[in-house]
Amino acid sequence: MLLDQETENEIVFELCQHLGRSILPVAGSERPGAPAGTVGTAFFYSELVGATDDGEVAHEWLLTADALTDRPYGEILLRPSVTEPAEGAEEPIELPGFADHWLRLPELGVAAMPTGGLHGHADDRGWRWRTQQVTEAVAAPADAVARVGAAPGSAFVLALGVGDDGSRPLEAVVERVARDDVDGVRVTVELPVGYVGAPVFTVESGAADEPVLRCLGLLLPARDGGHPVATFDRIRAALAEALEGGAPS
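Residues numbered from 1 in each chain as written. Predicted model: local features only at pLDDT ≥ 70, side-chain atom pairs only at ≥ 80, totals over all residues. Heavy atoms only, no water.

Student: Can you lay out the domain arrangement of the protein chain for me, pointing to particular residues and giving the numbers?
Tutor: The domain architecture assigned to the protein chain consists of domain 1 (20-134) and domain 2 (137-235). Relative placement of domain 1 and domain 2: their C-alpha centres are 20 Å apart. Each side of the interface is counted separately: domain 1 has 23 residues, and domain 2 has 25 residues. Note on domain 1 versus domain 2: buried area summed over both sides is about 1,700 Å², and carbon and sulfur give 78% of it. Put simply, domain 1 and domain 2 have four residue pairs in polar contact (both at pLDDT 80 or more) between them. Contributing elements (two or more residues each) for the side of domain 1 that touches domain 2: strand 1 (23-29), strand 2 (38-52) and strand 3 (55-65). Ranked by residues supplied to the side of domain 1 that touches domain 2, first place goes to strand 2 with six residues. Among the residues forming the side of domain 1 that touches domain 2, the class breakdown is 15 nonpolar, six polar and two charged. (Domains from an automatic or database assignment. Contact = heavy atoms within 4.5 Å. Buried area = accessible area lost by both parts, 1.4 Å probe. Polar contact = N/O pair within 3.5 Å; in protein donor to acceptor, adjacent residues only side chain to side chain. Helix = DSSP H or I, 4+ residues; strand = E, 2+ residues; numbered from the N terminus. Nonpolar A, V, L, I, M, F, W, Y, C, P; charged D, E, K, R; others polar.)

See below:
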């Protein structure tokens, strides 16, 4: 759906308010203290996997692009808005053997980290996470992904950019998304450093013609002047298959 500018601006505001704490900066390097070789964004995703007498059962993942996770050493940087107290964000989460911490799905270009270790890290250091997640209700189902056509529609990318001073500011940009015969769904322009791995959103018309936000998927590295998107219909299927095969949850 192609939206007017006023509606696009309203969606950007809503994204920052309701999902701004779903994203984290990630960086990979050859060793501690070395310049980052890969810099991007990761985001929390929560999916329902069943129910028990005690309630619903959900798995929470940190998702990013697989291309960001292939370094020997990596860091997940923290933001004061996602830790309680805010002082918990003063030190990054350092991860030697960076690739080994992720369930890597190279056929999709996606990497997924079960978040149990992240919560354990916070507990050990006396703080707790204060995050938002892209929930299963927001993640686009297969029929929503299929409705992305060749005609460009409004797309919204929520990411952590890279400032001149190395800071990672929260940014939301409005671009266009369309389908082609090579990449499937893709954002049609190349985005700045730090955006790879970020969630990509679009809007559909709901039952009462109100806009319904959908997360199409995850922004992959740029190719041919744009970015392929790993869509949630494929991400869901790959995670389900991995869990059936005994991947950590």
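Student: Quick rundown of the packing of aromatic side chains? Include the residues and the values.
Tutor: On inspection of all chains with the given rule, the structure shows five aromatic pairs. With 6.4 Å between their ring centres and 75° between their planes, F43 and F232 make a pair best called edge-to-face. Of this pair, F43 sits in strand 2 while F232 sits in helix 4 (residues 232-244), and the two are 189 residues apart along the sequence. Assessed through its relative accessible area of 0%, F43 is described here as buried. Judged by relative accessible area, F232 falls into the buried class, the value being 0%. (Phe/Tyr/Trp six-rings, centres within 6.5 Å; stacked < 30°, edge-to-face > 60°. Buried < 20%, exposed > 50% of the residue type's maximum accessible area, 1.4 Å probe, protein only.)

Student: Help me get a handle on the side chain of R236, residues and values and all.
Tutor: For R236, the location among the structural elements is in helix 4. Engagement of the side chain of R236 in a polar contact is seen with the backbone oxygen of A139, the distance being 2.9 Å. With sequence-adjacent residues up to four places away left out, R236 is seen in contact with Y45, E136, A139, A140 and P141.

Student: Lay out the pairing of strand 14 (residues 199-205) with the relevant residues and their values.
Tutor: Judged by how many residues are buried, strand 14 sits mostly within the fold: six of seven residues are covered. Across two bridges, strand 11 (residues 153-160) lies against strand 14 in antiparallel orientation. What sits directly across from V157, in strand 14, is V200. Remark: five residues form the turn of the hairpin made by strand 14 and strand 15 (residues 211-219), two consecutive strands paired antiparallel; D209 in that turn has positive phi of roughly 65°. (Pairing = 2+ DSSP bridges.)

Student: How would you summarise a negative patch on the surface if you had to cite specific residues and measurements?
Tutor: Where like charges cluster on the molecular surface, the negative patch consists of E84, E87, E90, E91 and E94. Turning to its location among the elements, E91 is positioned in the loop between strand 5 (83-84) and strand 6 (93-96). (Patch = residues over 30% accessible without salt bridge, like charges linked within 9 Å, V, L, I, M, F, W, Y side chains within 5 Å. Areas by Shrake-Rupley, 256 points an atom, 1.4 Å probe, with all protein chains shown as cover. Salt bridge = Lys/Arg side-chain N within 4 Å of Asp/Glu carboxyl O. Lys, Arg positive; Asp, Glu negative; His and termini not counted. Charge placed at Lys NZ, Arg CZ, Asp CG, Glu CD.)

Student: Tell me about unusual backbone geometry, and please be specific about residues and values.
Tutor: Of the consecutive residues E84 and P85, the connecting peptide bond is found in the cis state with omega at 5°. Mapped onto the fold, P85 is located in the loop between strand 5 and strand 6. One non-glycine residue, D224, lies in the positive phi region at around 55°. When you line up the elements, D224 lands in the loop between strand 15 and strand 16 (227-231).

Student: An account of the environment of L95 is requested, with residue identities and associated values reported.
Tutor: With respect to the helices and strands, the residue L95 is situated in strand 6. Non-local contacts of L95, meaning those with residues more than four positions away in its chain, are made with P72, Y73, G74, I76, H101 and M113.

Student: Describe in detail the sheet that holds strand 13 (residues 184-187), supporting the description with residues and values.
Tutor: Ordered in space as 11-12-13-16-15-14, the six strands form a closed barrel in which the pairing is antiparallel. With direction set aside, neighbouring strand axes in the sheet form an average angle of 45°. Alignment of strand 11 against strand 12 (residues 170-180), held across eight bridges, turns out to be antiparallel. Of the residues in strand 12, the one forming a bridge with G153 is V177. Of the strands in this sheet, strand 15 and strand 16 are in contact with helix 4, which crosses strand 16 at around 50°. (Axes fitted to C-alpha atoms, helices over the stretch in contact; angles between N-to-C directions.)

Student: Pulling in residues and values, what's your account of the pairing of strand 6?
Tutor: A one-sided burial pattern is seen for strand 6, the buried positions being I93 and L95 and the unburied ones E94 and P96. Bridge count for strand 4 (residues 73-76) against strand 6 is four bridges, and the pairing is antiparallel. Directly across from G74, in strand 6, lies its bridge partner L95.

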